[in-house]
Amino acid sequence: MEPTLDTLPPNLPAAKALKDFAGHIQCLSELEATQAELYPTEDVNMSAFCEALAEDIKSKTAPDVTIAVNAPKMSAPVNEQELATVLRHLLANAAEYTPAGGKISLDFKKRGPHNIQFIITDTGCGIAEEERENLFKPFATVRDLTKGDGLGLPMCALRVAKMNGTLRLDESYTHGTRFIVELHP
């Protein structure tokens, strides 16, 4: 597809959307093909890591949105780059759907010797019940690609699986949206 996509005028939003979509399909394919290969880990300071992610997202929030981080000063074995990609995506989604005056939080919790969680919570509009079933399934809906291709959450779920973990929506949370990334390093 790339040679054909390269013939399109790069300044057109639809051309950019198609190129991004092709890149996401390639990434999704690579993630699916390598699911049995876990990412390597190293000890990372969770407080500094989470604070840096919160700082990265500030420019994407509506006015007066509060971003709270609750992460103790401790280290945990993670793949910093891949985990940051996942959490940035979840935080960017939270920023997109949280209105002015709302709140976004990023919490880190150690649940046991081999169980850690990252919890991203927002006070946005939440996710409609009819959309929840297919949230992590690629190509589940037809969309206008200039408004996103819907592959972000499926790619995040695959990345988390390669970190020996799970990504899920907390369906019991009703004041916005809450995602839980649970890892078993």
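Residues numbered from 1 in each chain as written. Predicted model: local features only at pLDDT ≥ 70, side-chain atom pairs only at ≥ 80, totals over all residues. Heavy atoms only, no water.

A.B. asks: Sorry if this is basic, but what is going on with helix 4 (residues 80-97) here?
C.D. replies: Turn by turn, an α-helix covers 3.6 residues, leaving residues three or four places apart pointing in a common direction. With 18 residues, helix 4 should reach 26 Å at 1.5 Å per residue; the first-to-last C-alpha distance of 26 Å fits that figure. Inspection of helix 4 places Glu82, Leu83, Ala84, Val86, Leu87, Leu90, Leu91, Ala94 and Ala95 among the buried residues, and these make up the whole buried set. (Helix = DSSP H or I, 4+ residues; strand = E, 2+ residues; numbered from the N terminus. Expected span 1.5 Å × (residues − 1). Buried < 20%, exposed > 50% of the residue type's maximum accessible area, 1.4 Å probe, protein only.)

A.B. asks: Mind showing me how you'd approach the pattern of salt bridges here?
C.D. replies: As a working rule, side chains carrying opposite charge can pair if their charged atoms are close by. The full count for this structure, using the stated rule, is four salt bridges. With its nearest N and O atoms 2.8 Å apart, the salt bridge here joins Glu82 to Arg159. Taken together, the positions of Glu82 in helix 4 and Arg159 in helix 6 (residues 152-161) put the pair 77 residues apart, joining distant regions of the chain. Residue classification places Arg159 among the buried positions, given a relative accessible area of 14%. Between Asp170 and Arg178 there is a salt bridge; the shortest N-O distance is 3.5 Å. The exposure class of Arg178 is partly exposed, given its relative accessible area of 24%. (Salt bridge = Lys/Arg side-chain N within 4 Å of Asp/Glu carboxyl O.)

A.B. asks: Help me out: how do you make sense of the state of the cysteines in this one?
C.D. replies: Formally, a disulfide is one covalent bond, and it connects the sulfur atom of one cysteine to the sulfur atom of another. This model, assessed by the stated rule, comprises zero disulfides. This cysteine, Cys27, is not joined by any disulfide, and Cys156 carries the nearest cysteine sulfur, 9.5 Å off. (Disulfide = S-S within 2.5 Å.)

A.B. asks: Sorry if this is basic, but what is going on with the nonpolar core here?
C.D. replies: Across soluble globular proteins, nonpolar side chains have a tendency to be buried as a group. Ranked by internal contacts, the top residues of the largest apolar core, which has 46 residues, are Phe49, Leu83, Leu87, Leu90, Phe118, Val181 and Leu183. Beyond its immediate sequence surroundings of up to four residues, Leu90 is in contact with Ile120, Leu153, Leu167, Phe179 and Val181. (Core = buried A, V, L, I, M, F, W, Y, C linked by side-chain atoms within 4.5 Å. Contact = heavy atoms within 4.5 Å.)

Read these as layout, nothing more, since geometry by itself doesn't imply function.
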